[in-house]
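Remarks on the overall topology
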Amino acid sequence: MACRPEIARLPPYNAGLGTEAVKARYGVASVVKLGSNENPYGPPPGVKAALAGLVEQVALYPEADVKLRSLLAAELGEAEARIVLGNGSEQIIRMIPEAYVSPGDRVVTVVPSFGLHILDAEAMGGVVEAVPVTRDCAFDLTALIEAVSKPLKMLIFANPSNPVGCMMGEADLRALIDACPQDCLIVVDEAYREYAEIDPAYPQAREILRAQSRPWIVLRTFSKAYGLAGLRIGYAVASCEEIARTLGTVRDPFNTNIAAQLAAIGALQGMEHVRQGVERTVRDREAVRERLERLGLAVAPSLGNFLFFRTAVSSGELAERLLRHGVIVKPWKETGYTNWTRVSIGLPEENERFLAVLSVVLESVAAQETVEA
Ligand SMILES: *Cc1c(COP(=O)(O)O)cnc(C)c1O
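Residues numbered from 1 in each chain as written. Predicted model: local features only at pLDDT ≥ 70, side-chain atom pairs only at ≥ 80, totals over all residues. Heavy atoms only, no water.

Some remarks on helix α7 (residues 115-123)
For α7, a buried count of seven out of nine residues is recorded, marking the element as mostly surrounded by other parts of the structure. Here α7 has its buried residues at L116, H117, I118, L119, D120, A121 and A123. Positive phi appears at G125, one or two residues downstream of α7, with a value of about 90 degrees. (Buried < 20%, exposed > 50% of the residue type's maximum accessible area, 1.4 Å probe, protein only. Helix = DSSP H or I, 4+ residues; strand = E, 2+ residues; numbered from the N terminus.)

What about the site of the ligand?
Neighbouring the ligand are 13 residues, the closest being D189, T221, S223, K224 and R232. At 2.7 Å, a backbone N or O of S89 approaches an oxygen atom of the ligand. D189 has a polar side-chain atom sitting 2.6 Å from a nitrogen atom of the ligand. Contact with the protein chains covers 95% of the free accessible surface of the ligand, which is 390 Å². More than half of the atoms belonging to the ligand lie within 2 Å of the grid points that define the largest pocket. Classifying every residue of the shell around the ligand gives four nonpolar, five polar and four charged. (Near = heavy atom within 4 Å. Polar contact = N/O pair within 3.5 Å; in protein donor to acceptor, adjacent residues only side chain to side chain. Areas by Shrake-Rupley, 256 points an atom, 1.4 Å probe, with all protein chains shown as cover. 1 Å grid on protein atoms, 1.4 Å probe; cavity = no way out; pocket = protein on both sides within 12 Å on 5 of 7 lines; lining within 4 Å. Sits in = over half its atoms within 2 Å of the grid points. Nonpolar A, V, L, I, M, F, W, Y, C, P; charged D, E, K, R; others polar.)

Some remarks on the sheet that holds strand β3 (residues 106-111)
A sheet is described by the order of its strands in space; here seven strands give the open sequence β2-β8-β7-β6-β5-β3-β4, paired in mixed fashion. Of all the strands in the sheet, just β2 (83-86) and β4 (127-132) have a single pairing partner and so form its edges. Here the strands of the sheet are splayed against their neighbours by 20 degrees on average, with no regard to which way each runs. (Pairing = 2+ DSSP bridges. Axes fitted to C-alpha atoms, helices over the stretch in contact; angles between N-to-C directions.)

What to know about the UniProt feature "modified residue: N6-(pyridoxal phosphate)lysine" (unreviewed entry) in the protein
According to UniProt, the positions carrying the feature "modified residue: N6-(pyridoxal phosphate)lysine" (unreviewed entry) are K224. Here K224 is to be found in the loop between β7 (216-221) and β8 (234-238). In this structure K224 comes out as buried when scored by relative accessible area, which is 13%. With sequence-adjacent residues up to four places away left out, K224 is seen in contact with S36, N37, N39, A191, Y192 and Y195. (UniProt positions renumbered as here; feature names shortened; annotations may be inferred. Contact = heavy atoms within 4.5 Å.)

Here's the deal with the domain arrangement of the protein
The domain boundaries assigned to the protein delineate domain 1 (5-42 + 271-372) and domain 2 (45-269). Computed over C-alpha atoms, the centres of domain 1 and domain 2 are 25 Å apart. Between domain 1 and domain 2 the total buried area reaches about 2700 Å² when both faces are included, carbon and sulfur atoms providing 67% of it. When the buried area of domain 1 at its contact with domain 2 is split by residue, M271, L303 and Y337 rank highest and sum to 23% of it. At the junction of domain 1 and domain 2, the tally comes to zero salt bridges. Joining domain 1 to domain 2, the criterion identifies seven residue pairs in polar contact (both at pLDDT 80 or more). Residue assignment for the side of domain 1 that touches domain 2 shows that the elements contributing at least two residues are α1 (5-8), α14 (271-294), β10 (306-310) and β13 (340-344). A total of seven residues in the side of domain 1 that touches domain 2 trace back to one element, the largest contributor, which is α14. Looking at the side of domain 1 that touches domain 2 residue by residue, the classes come out as 16 nonpolar, nine polar and four charged. (Domains from an automatic or database assignment. Buried area = accessible area lost by both parts, 1.4 Å probe. Salt bridge = Lys/Arg side-chain N within 4 Å of Asp/Glu carboxyl O.)

Take a look at the structure:
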């Protein structure tokens with residue numbers, strides 16, 4: 001049966017293989033999973049206690065969202081009525097164009113990109129312009145300003161970027177916001193905020209946006225620094241109650257489950273664990289960067305829990321060869337970036353195994369090319 005043409009055009013989501021699938025397909029005994037920016041240190045220890053009474057509660061519809069939203073409101077210094085929870089922030093990334101993007105509306109984002117920023121807008125008939133990063137892997141402010149200077153329904157991008165890792169600093173963020181039409185919805189996805197804010201130059205997007213009377217949404221997630229990716233919970237802070245209410249109307253009722261709500265409440269009590277994990281990851285990221293550069297690879301500057309690097313061999317082939325050694329990375333598929341790979345920063349021993357396998361694979365690719373030449 002024919003689906004809507006907007007949906008027929010979309011590619012399937014490129015989620016990659018999981019640990020068990022890789023073990024089964026490649027016959028490897030152990031797998032290092034560095035393809036999805038998951039947190040190797042796991043959630044704060046308090047999450048276990050928070051989930052202790054879970055089974056006793058599963059017969060009832062979840063209602064801890066009320067407590068979670070009030071905790072978030074207090075922590076963020078924002079009104080509870082402007083906070084919207086999602087089954088992962090991915091769900092909110094979909095709800096936003098469902099609520100606001102009509103067929104033919106222009107949407108601006110960046111490329112390489114977090115795929116859903118493009119796909120979810122296109123699914124609603126949005127016409128997406130994705131502005132490439134510069135040659136040195138920074139946001140291209142000039143090109144972005146030009147792109148937002150035409151009629152525009154929505155600007156959406158992650159800061160820091162996924163997969164590149166680059167940051168838009170305060171002055172650039174202000175200039176970009178100023179260039180947007182006054183009624184354009186500005187969505188800043190801060191999935192990696194906790195890693196980025198170690199850098200004092202990382203901007204306070206909410207403060208900058210708040211100072212202007214514009215519609216905006218800032219997205220956050222418990223999937224990365226809080227280590228709750230498996231439970232699917234994230235949230236949006238909206239500029240006004242009306243936007244939060246509108247998102248509420250496209251939201252599935254009870255969209256976040258009781259386990260996710262309880263775990264998120266528990267995780268918010270464990271900020272010391274979160275901070276330690278972030279600090280280790282940021283330190284190890286820079287060590288991995290140096291090693292990749294010593295292998296002769298171009299590596300983008302990153303403020304996230306991952307690195308984006310370029311190889312002579314295509315990323316698809318590189319990823320396939322790494323899989324044979326039990327190492328999962330994310331090969332980039334977007335046009336123009338198919339020699340780029342994103343690797344998450346794991347535990348130190350996982351990073352070591354990735355680096356060791358990578359150098360073996362790069363040598364074997366080089367040797368093969370010499371033979372073929
Ligand atoms: C990981 C990630 C998300 C978070 O997704 P969840 O659905 O909350 O797990 C959102 N945006 C970006 C850019 C990400 O990298």
